[in-house]
Amino acid sequence: MSRPKNQNYKGHGLSKGKEREQRASIRFKTTLVNTLTDVLRNRPGWVEVKDEGEWDFYWCDVSWLRENFDHTYMDDHVRISHFRNHYELTRKNYMVKNLKRFRRQLEREAGKLEAAKCDFFPKTFEMPCEYHLFVEEFRKHPGITWIMKPVARSQGKGIFLFRRLKDVMDWRKDTRNSDDQKEELPVENYVAQRYVENPYLIGGRKFDLRVYVLVMSYLPLRAWLYRDGFARFSNTRFTLSSIDDQYVHLTNVAVQKTSPDYHPKKGCKWMLQRFRQYLASKHGPQAVEALFSDMDNIFIKSLQSVQKVIISDKHCFELYGYDILIDQDLKPWLLEVNASPSLTASSQEDYELKTCLVEDTLHVVDMEARLTGKEKRIGGFDLMWNDGPVSREEGAPDLPGTGNFMTNTHLGMQGRLHQ
């Protein structure tokens, strides 16, 4: 990145002539206090920087990025934890816009069969600009359930289900005076989405999956899939007869922990290994392999949909939290992608998962310059895309369609390499 012409730039990573490998320590900064802080402070050779001190590594929040990125000079080795316009994937309306555009592109260039591989998100309309299109679709299917989501909120805030148009208009009136909006977008921006009415249930309860994808570059696309993750359950048995009950329909931990039935020690999560084993016992390994392969497709297609619009700066990486819903036909649906997945632990098991996740993320980011660049697995991360699909087999050519090609993904499978 070049230095801005004005005199207000902030320089980072300036090492007074020393090369990266010669520095005795890595200066890090973060404003978050959770498992991330624990890992960074305990990492050998890493030193915390406070306030305006120079840093080599900054796990920043998106508000800092928005206000400072364009005014900050960074040396080549410096890394920050978000891409400049990450919101192209992580805001609900932009994500859908980019997926729709990408689907049209695939249909033109590769045909309908290839375009159909993008049919993993529910029918969605951006409001208010697509309100008339939404009304047209709404009237074609009377009686079905829709879900309304503000585009720039998180943790289930502002979400509700509805079956009447009047509910949409009432909500718009109620929220016009609300100041509970984290991002700079006007409050009128939200999406109306067909609600998946047939979710797969375990013990009669709805759940979704949180899966972690680490992107190191968009041009070329280089993405890693984490083996561990979790299923987040609602505390209340699923029913469509009470669409106003958030404890039935929203699986966000921030929502569920306010439930009268919530047990802090027990929590409301299964690790992905347990979930995969459960499905295999119910449906057989072949059905589970097909489901997880369909999820791999979601990760890759969603990243490809924004590959040409996200600014691929060499200083940036991003750990995304994907939210996936499974329906009764074992079809996965992409609900949203989070730019700042929670790294706060809700249980000891959750703490261990997120600690390992952050440690392995730092291993892949490789501030210490230890990697050769040929690794396919680092800790719990598997390289699933490296300017093309990556083969699971060592030494095999990365060319799908040759022999028994299998993608290098192991979501929900045992094992983590220790660095």
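Residues numbered from 1 in each chain as written. Predicted model: local features only at pLDDT ≥ 70, side-chain atom pairs only at ≥ 80, totals over all residues. Heavy atoms only, no water.

1. Looking at the packing of helix α4 (residues 92-110) against helix α11 (residues 285-306)
Packed helix pairs are characterised by how far apart their axes lie and by the angle those axes make with each other. Test applied: Here, axes are lines fitted to C-alpha atoms. For helices the fit covers the stretch in contact, and angles between N-to-C directions go from 0 to 180 degrees. Secondary structure elements follow DSSP: runs of H or I no shorter than four residues count as helices, runs of E no shorter than two count as strands, and numbering proceeds from the N terminus. When describing relative orientation, an angle under 35 degrees is termed roughly parallel and one over 145 degrees roughly antiparallel, while 65 to 115 degrees is termed roughly perpendicular and anything else oblique. For this analysis, residues touch if any pair of their heavy atoms sits within 4.5 Å.
Between α4 and α11, the least distance of the axes is 9 Å, while the angle of their chain directions is 95°. On the basis of their axis angle, the class for α4 and α11 is roughly perpendicular. Of the residues in α11, those touching α4 at Asn98, Leu99, Arg101, Phe102 and Leu106 are Lys301, Ser302, Gln304, Ser305 and Val306.

2. Comments concerning the sheet that holds strand β6 (residues 79-80)
Convention followed: Any two strands are treated as partners once DSSP identifies two or more bridges connecting them.
Spatial strand order, β3-β2-β4-β6: four strands in an open sheet with parallel pairing. Two strands lie at the open edges of the sheet, namely β3 (46-48) and β6, each paired on one side alone. Packing of helix α1 (residues 35-42) onto the sheet brings it into contact with β2 (26-30), β3 and β4 (57-59), and relative to β2 it is tilted by some 165°.

3. With respect to the sheet that holds strand β8 (residues 146-150)
Ordered in space as β7-β10-β8-β9, the four strands form an open sheet in which the pairing is antiparallel. Looking along the sheet, the strands with just one partner apiece sit at the ends: β7 (124-127) and β9 (160-162). Neighbour to neighbour, the strand axes of the sheet diverge by 25° on average, direction disregarded. As judged from the three bridges shared by β8 and β9, these two strands associate in the antiparallel manner. For methionine 148, the partnering residue across the bridge sits in β9 and is phenylalanine 160. Across the sheet, α4 lies against β7, β8 and β10 (190-194), angled at about 130° from β7, the strand it touches most.

Such coordinate-based values are descriptive only and should not be taken to indicate function.
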